[in-house]
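Reading the structure
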Amino acid sequence: MVNAQMAVLNNAYAAGSDTQGSAATPFKYTLADIDFSYNDAWYGVVPGPVEKEMKAATRVGTSKSTLNVWTANIGDDLLGWATFPTKRFSTDDGVVILDESMPGGAAGKYAFGDTLTHEVGHWLALYHTFQGGCSGKGDSVADTPAEATPQFDCPEGADSCPKSSGLDPIHNFMDYTQDSCMYQFTPGQVARMSDAWTQYRAS
Ligand SMILES: [Zn+2]
């Protein structure tokens, strides 16, 4: 599952197969190592003190350019969460995903691996496409149309901000639609991720 997940992640960031209309990013991910821990409290982790303990005890690397990914049967009905880039390194840095969201897992329409694609987008400073709703600067990316609220499933033609140009970006990796529906980053998102890398993560 991990190898299949790495393939999905790299395909998404390279604008590879089935990423219709996506912009290629410069990011490539290499699997360095896999560790296993046996700890009931960590297995059902949610954001909070147990998360901090788990991450500090198991993380690898002390560089902001090393991506740590934790997989577990996470609680609160979450698919995952991520840390944004920060100026100073933190042992919290990284991404947590629902284990069964990896390709071939039991998470149904969310079991094709794009939860990790989405969370790594946050790790590289992307906000949700629905950030800020219909007004203001939204997700701080100019070429993602405004969106009032998250979209789920795959509602073709949805237009929750009719006064703004463009339909809801339901195919964007940074919305909440199902994996088969999300397959795009925009050039503006690629630029933001690249800038964030240079500013915060490249050592
Ligand atoms: Zn998110």
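What this report covers is the structure whose coordinates are included nearby. (Residues numbered from 1 in each chain as written. Predicted model: local features only at pLDDT ≥ 70, side-chain atom pairs only at ≥ 80, totals over all residues. Heavy atoms only, no water.)

1. Some points on the state of the cysteines
As used in these notes, a disulfide is a covalent bond between sulfur atoms, one from each of two cysteines. What the rule picks out here adds up to 2 disulfides. The side chain of Cys-134 participates in a disulfide bridge whose partner is Cys-161; the two sulfur atoms lie 2.1 Å from each other. Here Cys-134 and Cys-161 share a disulfide; its torsion about the S-S bond, -90°, makes the bridge left-handed. Taken as a pair, Cys-134 in the loop between α4 (114-123) and α5 (187-201) and Cys-161 in the loop between α4 and α5 lie far apart in primary sequence, 27 residues in all. On the basis of relative accessibility, which here comes to 2%, the residue Cys-161 falls in the buried class. Two residues share a disulfide in this structure: Cys-154 and Cys-181, whose sulfurs sit 2.0 Å from each other. (Disulfide = S-S within 2.5 Å. Helix = DSSP H or I, 4+ residues; strand = E, 2+ residues; numbered from the N terminus. Buried < 20%, exposed > 50% of the residue type's maximum accessible area, 1.4 Å probe, protein only.)

2. Description of the coordination of the zinc ion
In an ideal tetrahedron of four donors about a metal, each angle is 109.5 degrees. In an ideal octahedron of six donors, the angles are 90 or 180 degrees. Surrounding the zinc ion are the protein donor atoms His-118 (NE2), His-122 (NE2) and His-128 (NE2), at 2.0 to 2.1 Å. In the primary sequence, the donor residues of the zinc ion line up as H-x3-H-x5-H. Of this pair, His-118 sits in helix α4 while His-128 sits in the loop between α4 and α5; the two residues are 10 residues apart in sequence, bridging distant segments of the chain. The pair formed by His-118 and His-128 is uniform in burial state, with each residue classed as buried. (Donors = N, O, S within 2.8 Å, 3.2 Å for Na, K, Ca; no water.)

3. Brief notes about the packing of aromatic side chains
Ring pairs (aromatic) are described by centroid distance and by the angle formed between their planes. A full pass over the atoms with the stated rule returns 8 aromatic pairs. Their ring planes at 70° and their centres at 5.8 Å tell us that Phe-27 and Trp-197 sit as a pair that is edge-to-face. Of the two residues, Phe-27 is situated in the loop between α1 (2-13) and α2 (40-43) and Trp-197 in helix α5; the sequence distance between them amounts to 170 residues. Residue class for Phe-27 comes out buried when judged on its relative accessible area of 11%. Judged by centre distance (4.7 Å) and plane angle (50°), the rings of Phe-173 and Phe-185 are tilted. In this pair, Phe-173 is assigned in the loop between α4 and α5 and Phe-185 in the loop between α4 and α5, connecting sequence segments 12 residues apart. Each member of the pair, Phe-173 as well as Phe-185, carries the same accessibility label: buried. Joined through ring pairs, the aromatic side chains of Tyr-13, Tyr-29, Phe-173 and Phe-185 make up one cluster. Across the ring face of Trp-123, the terminal group of Arg-201 is positioned such that the distance to the ring centre comes to 3.8 Å. (Phe/Tyr/Trp six-rings, centres within 6.5 Å; stacked < 30°, edge-to-face > 60°. Lys NZ or Arg CZ within 6 Å of the ring centre and 35° of its normal.)

4. As for the pattern of salt bridges
If you walk through the whole model with that rule in mind, you get 4 salt bridges. Residues Asp-92 and Lys-52 are paired through a salt bridge, measuring 2.8 Å at the closest nitrogen-oxygen approach. Separated by 40 residues along the polypeptide, Asp-92 in the loop between β2 (80-82) and β3 (95-98) and Lys-52 in helix α3 (residues 49-58) bring together distant segments of the chain. The class of Asp-92 is buried, set by a relative accessible area of 17%. According to the relative accessible area criterion, Lys-52 is partly exposed, its value standing at 45%. A salt bridge links Asp-153 to Lys-109; the shortest N-O distance between them is 2.4 Å. One end of the pair, Asp-153, is in the loop between α4 and α5; the other, Lys-109, is in the loop between β3 and α4, with 44 residues separating them in the sequence. (Salt bridge = Lys/Arg side-chain N within 4 Å of Asp/Glu carboxyl O.)

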